[in-house]
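The residues making up each chain are set out below.
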Amino acid sequence: MILAAFGVTSAVAALVMLGVVARRVTRRLREARVRRLTAQHRPLLLSLVAGDPPEAREAATAVAALDTASWRVLEPAVVALLAKVRGEGHEEVVRLLGTRGVLVRARRDLHRRRASRRAAAADLLGRAQVPGTVRSLVRLLDDRDADVRHVAARSLGRLGSASAVPSLLRALAAEPPRVPPAAVAQALLRIGPAGAPDLLTAVDHPVAVVRSTVVVVLGRLGVTGAGTALRGLLAGDPLTDVRCLAATALGALGMPGAVPDLVRATRPGSPGALRVAATRALGDLGASSTVAVLDGLLHDPDARVATEAGHALLGLGVPRADVLARSTPSSVVAVAERVPALTGAA
Amino acid sequence: MSDFVAGDLRDAVALVMDLSLWPVLVYFLLLNSSYLALVLLAAREGSLNRRRASFTDHDETLSSPLTPAVSVLVPAYNEEAGIVASVSALLALRYPRHEVVVVDDGSTDATFARLVEAYGLVPEARRIPDDVATTATVLSVHVPADGRTPLVVVRKTNSGRSDALNVAINVARHELVCFVDADSLLDPDALTVVARPFVDDPARVVASGGVVRAVNGSRVVAGRVVEARMPQGWLPRIQVMEYLRAFLLGRAGWSRIGALVLISGAFGLYRRDVLVEVGGLDPTCIGEDFELCVAVHRAMRDQGRDYRVVAVSEPISWTEVPSTRRVLGSQRRRWHRGLLEVLWRHRRMIGNPRYGRVGLVALPYYVVFELLAPVLELVGAALGPLALVTGLLEPARALAVVLAVYAYAMFVSMAALAVEEFSFHRYGRWRDLAVSVGVALVENLGYRQLTAWWRLQGLWAGLRRREQVWGVMTRQGFGTEAATPSPSAA
């Protein structure tokens, strides 16, 4: 029996090795075929995305006429072009994909049983920015598969439709979030200022992750109308993380009116993380009125606050020598021979 | 009289054989089956990753405003051969915001001089927070004169790797910290991918570990591994297979069932605040990487927090593995002693339902199939010949048993190779595939028993609480221009 076990195991091991060899051979053959066909048709693809309109149209017609086997090999390369080109080149690629039936297939694939097919279809429709797919993608935000929901959010961002903002925020508000906050933030950034009204109404959302994501996006988008709301969050949000993000967003917005709020946040009674974030934000804000405050923070007993103050002063263009002079030996002090450019600029 | 003694010996061996033969056989069966199970779990993960490849957008992590900034922490002790190539590669990693913190742990060679020369370092007066307790004296802090390169170099008195990393944790400005060994080379996207779990699940992920592979023999250009190749000697070759099983497959498998308890210090990413909470690395523990990960689990479970520790199988940190028996033996003795120390220190967690799968599955597994493995392997190796000599086991039957155990172990290695080929195919040359098959055939003939002996020595030293010795790893360094010659085997 033991010998039989040895024989069976050895045979299975040998089969596994044969499988490995077969896999390597088939992969290499496939890669060689892809390389050959891609090289052969590269001039056509270049004309498609970079040629004059008649030339591009001609290239599109030629690629559209390729036999099915060749197209199957070329299709990934054509789809990959969507991420690399904009404007007319992008439109040509989308038209070509439409002609080859790829977009119709993608719409159909949104309802496939296999999650990877649904996700790949959602990704393609987003990259192609196919109009009229917003509703389908919004529905996928409730998909049972996490990858599909994630890709749907990303594609909604690529489509840039402000009508998707409430759905994206709803996906974030679920417990746990149905889509990673980073994916929602990225989508909201892609949608841009058009989504700002919905974002502003979500600033005081009861779910913390919604508030924090919205705060980051408002700061990045530079929505100056958010200043009052952000100052409110900085002063009174129950979560320190949200207050820190509000400080960062106010720094990014560069509104001098926020300086008193940020200064208040740096005071010793505030949580340590908030003091660090507010100090950094004062530097980002770039107002000359913050220099005196940052000077004071150089002597802060919290080494992290002092470090940030040093960096912030250098960022504001205060000469190195001045920073050193203002610091006590025990404080962070920023720098010895560092930042000659900044020193000169100052 | 001598017949009487021989008879007694025979009876004693017979008794030991009766009591242990089948348990030892079952043990080997379970041990290899557990490896196989982990390989299968990793294969499943690899298959999912392959399907995800068509719609995964790594640039999303790079451009997201919510991608956390990372401080890459590099302890360095006498690393003059490769420190500049290593730091250059770390600075060039694709990541939106990261800094590199090098802690020169009292090097006696030109480690610091090489860095000064390469980056034009100038001293900086800086008060370092004491969030994590440290024992060393910080001598000076240096930054590049250009003011743009995000590099900080800390010089301190020698106090060991763990304390050096604790200093680096204190110096780190960012919310995530990544441990990287100075002799490691990271793939360009390594940081982006290993940070991805933190971006996707920021509320729960507290640590993630990348894959570590052996760099020996590979082509390295400008601090990057451009072509993975099998090394020349059999000792490093076998370690390539070991690393493949342990990192690529084993840890991916543990991660899949939510019971990953070991993140390599050569490439691991942690939330800084969690490290501060657990007090950083324990300098008194020789298995500090393992200890840290278990301590994080323990702290999270004790606080009843919903958290995740995950392994990612794609990004790779390449490290030089020992190519001599002396260095390898020293490493394995140290690793096993560290394993014993950590398991003893956290014995309360073992079998304790409060610690979930970590307490009920992972740690008991490490006790039975890692800590005790050298004892049982050597018992098995000794019993066979003894039983043959005393005539208690027929040669044909003994051979059949040995062959069956050997074939199963070989099959597990082949399965690991298959997962590598189907999911990652890093080793592209046919000759490397042939060498890998050769490794699967020979690693159980001598090498396994040798490492079992070293591990047993480590276990014994730990039980006797002998003084801990780190030993010295002789580095060949990485070439920075063309392909480097392979480090030669002993």
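Bear in mind the structure is a predicted one, so any value in this text is a computation, not a measurement.

Draft legend 1. Summary view of the overall build of chain B. In terms of helices and strands, chain B carries 14 helices and 12 strands. Scaling as 2.2 N^0.38, a compact globule of 490 residues should have a C-alpha radius of gyration of about 23 Å, and chain B matches this with 24 Å. Taking the principal axes of its C-alpha atoms as reference, chain B extends roughly 85 × 45 × 45 Å. Looking at chain B as a whole, 51% of its 490 residues are labelled buried.

Draft legend 2. Seen up close, the UniProt feature "transmembrane region" (unreviewed entry) in chain B. Residue and element names in this part refer to chain B. Feature annotation in UniProt assigns "transmembrane region" (unreviewed entry) to the following positions: residues 20–43, 355–376 and 396–419. Within residues 20–43, the helical portion is 100% and the strand portion 0%, while the C-alpha atoms at the span's ends are 34 Å from each other. Annotated as 91% helix and 0% strand, the span residues 355–376 places its first and last C-alpha atoms 28 Å apart.

Draft legend 3. View of the interface of chain B and chain A. In this complex, chain B contributes 41 residues to the contact, which on the side of chain A involves 44 residues. Listed by contribution, the elements that provide at least two residues to the side of chain B that touches chain A are helix 1 (2–52), helix 2 (58–63), strand 3 (121–124), helix 6 (190–200) and helix 13 (395–424) of chain B. By residue number, the principal contributor to the side of chain B that touches chain A is helix 13 of chain B, which donates 14 residues. The residue inventory of the side of chain B that touches chain A, partitioned by class, reads 26 nonpolar, 5 polar and 10 charged.

Draft legend 4. Helix 14 (residues 240–253) of chain A, seen in detail. Residue and element names in this part refer to chain A. Between its first and last C-alpha atoms helix 14 spans 20 Å; for 14 residues at 1.5 Å apiece the expected length is 20 Å, and the two agree. For helix 14, the buried fraction is high: 11 of the 14 residues fall into the buried class. Along helix 14, the positions that sit buried rather than exposed are Val 242, Arg 243, Cys 244, Leu 245, Ala 246, Ala 247, Thr 248, Ala 249, Leu 250, Gly 251 and Leu 253. Each element contacted by the buried residues of helix 14 is listed here: helix 12 (208–221), helix 13 (227–236), helix 15 (259–265) and helix 16 (272–285). Where helix 14 terminates, the next one or two residues include Gly 254, which has phi positive at roughly 65 degrees.

Draft legend 5. Up close: the domain arrangement of chain B. Residue and element names in this part refer to chain B. The assigned domain composition of chain B is domain 1 (12–41 + 369–463) and domain 2 (57–363). Here domain 1 and domain 2 have C-alpha centroids that lie 30 Å from each other. On the side of domain 2, 27 residues touch domain 1, which itself brings 29 residues to the contact. Only helix 1, helix 11 (356–371), helix 13 and helix 14 (430–463) provide two or more residues apiece to the side of domain 1 that touches domain 2. No other element matches the 16 residues that helix 14 contributes to the side of domain 1 that touches domain 2. Considered class by class, the residues forming the side of domain 1 that touches domain 2 number 16 nonpolar, 6 polar and 7 charged.

Draft legend 6. The environment of Val 194 of chain B, seen in detail. Structurally, Val 194 of chain B can be placed in helix 6. Along the primary structure Val 194 of chain B and Thr 134 of chain B are separated by 60 residues, whereas in three dimensions their C-alpha atoms are 27 Å apart.

Draft legend 7. The pairing of strand 8 (residues 205–214) of chain B, seen in detail. Residue and element names in this part refer to chain B. The element strand 8 is largely enclosed, with a buried count of 10 among its 10 residues. In terms of strand pairing, strand 8 meets strand 11 (residues 267–271) through 3 bridges, oriented antiparallel. By the bridge assignment for strand 11, Gly 209 is matched with Gly 268.

Draft legend 8. Spatial organisation of unusual backbone geometry. Pro 176 of chain A follows Glu 175 of chain A through a cis peptide bond whose omega is -5 degrees. Notably, Gln 129 of chain A is not glycine yet its phi reads approximately 50 degrees, a positive angle. Position of Gln 129 of chain A relative to the elements: it lies in the loop between helix 6 (115–128) and helix 7 (134–140). Residues other than glycine seldom take positive phi values, yet His 425 of chain B does so here, at roughly 35 degrees. Here His 425 of chain B shows up in the loop between helix 13 and helix 14. You can call His 425 of chain B partly exposed: it has 15 C-beta atoms within 10 Å.

Draft legend 9. How the structure looks around the environment of Pro 123 of chain B. The topology assignment puts Pro 123 of chain B in strand 3. Residue Pro 123 of chain B is classed as partly exposed on the basis of its C-beta count, with 15 C-beta atoms lying within 10 Å.

Draft legend 10. Main features of the pairing of strand 10 (residues 224–227) of chain B. Residues and elements named next belong to chain B. Pairing between strand 9 (residues 219–221) and strand 10: 3 bridges, direction antiparallel. Its bridge partner being in strand 10, Val 220 is matched across the sheet by Val 225. Turn length for the strand 9-strand 10 hairpin, with the two strands adjacent in sequence and antiparallel, is 2 residues, and the turn residue Ala 222 shows positive phi of about 50 degrees.

Draft legend 11. Structural context of the confidence of the model for chain B. Residue and element names in this part refer to chain B. In the predicted model, chain B carries a mean pLDDT of 85, and 93% of its residues have values of at least 70. Low pLDDT, under 50, characterises residues 479–490; the predicted model gives this stretch 35 contacts beyond four residues in sequence or across chains. The ipTM value of the predicted complex is 0.77, and its pTM value is 0.83.

What counts and what doesn't
Along each chain, residues carry numbers from 1 onward, in the same order as the chain's sequence is written. As a convention, the first chain written is A and the first ligand written is 1, with the rest following in written order. With the structure being a predicted model, the display of local features is reserved for residues of pLDDT at least 70 and the display and counting of side-chain atom pairs for 80 or more, all residues being used for whole-chain, interface and lining totals. Put simply, DSSP marks the helices as runs of H or I at least four residues long and the strands as runs of E at least two long, and each gets a number from the N terminus on. Here the globule rule is a power law, 2.2 Å times the number of residues to the power 0.38, and the radius of gyration is based on C-alpha atoms. Any residue surrounded by 20 or more other C-beta atoms within 10 Å of its C-beta is treated as buried, while 12 or fewer makes it exposed and the intermediate range makes it partly exposed; C-beta atoms here are placed from the backbone. UniProt positions are given in the numbering used here, feature names are shortened, and annotations may be inferred rather than shown by experiment. We call two residues in contact whenever the C-beta atoms placed from their backbones are within 7 Å. Polar here means any residue other than Ala, Val, Leu, Ile, Met, Phe, Trp, Tyr, Cys and Pro, which are nonpolar, and Asp, Glu, Lys and Arg, which are charged; Gly is therefore polar. The length a helix should cover is 1.5 Å for every residue beyond the first. These domain limits were set by an automatic method or by a database of domain assignments. A pair of strands counts as paired when DSSP detects no fewer than two bridges linking them. The quantity called pLDDT is the predictor's confidence in a given residue, expressed from 0 to 100.

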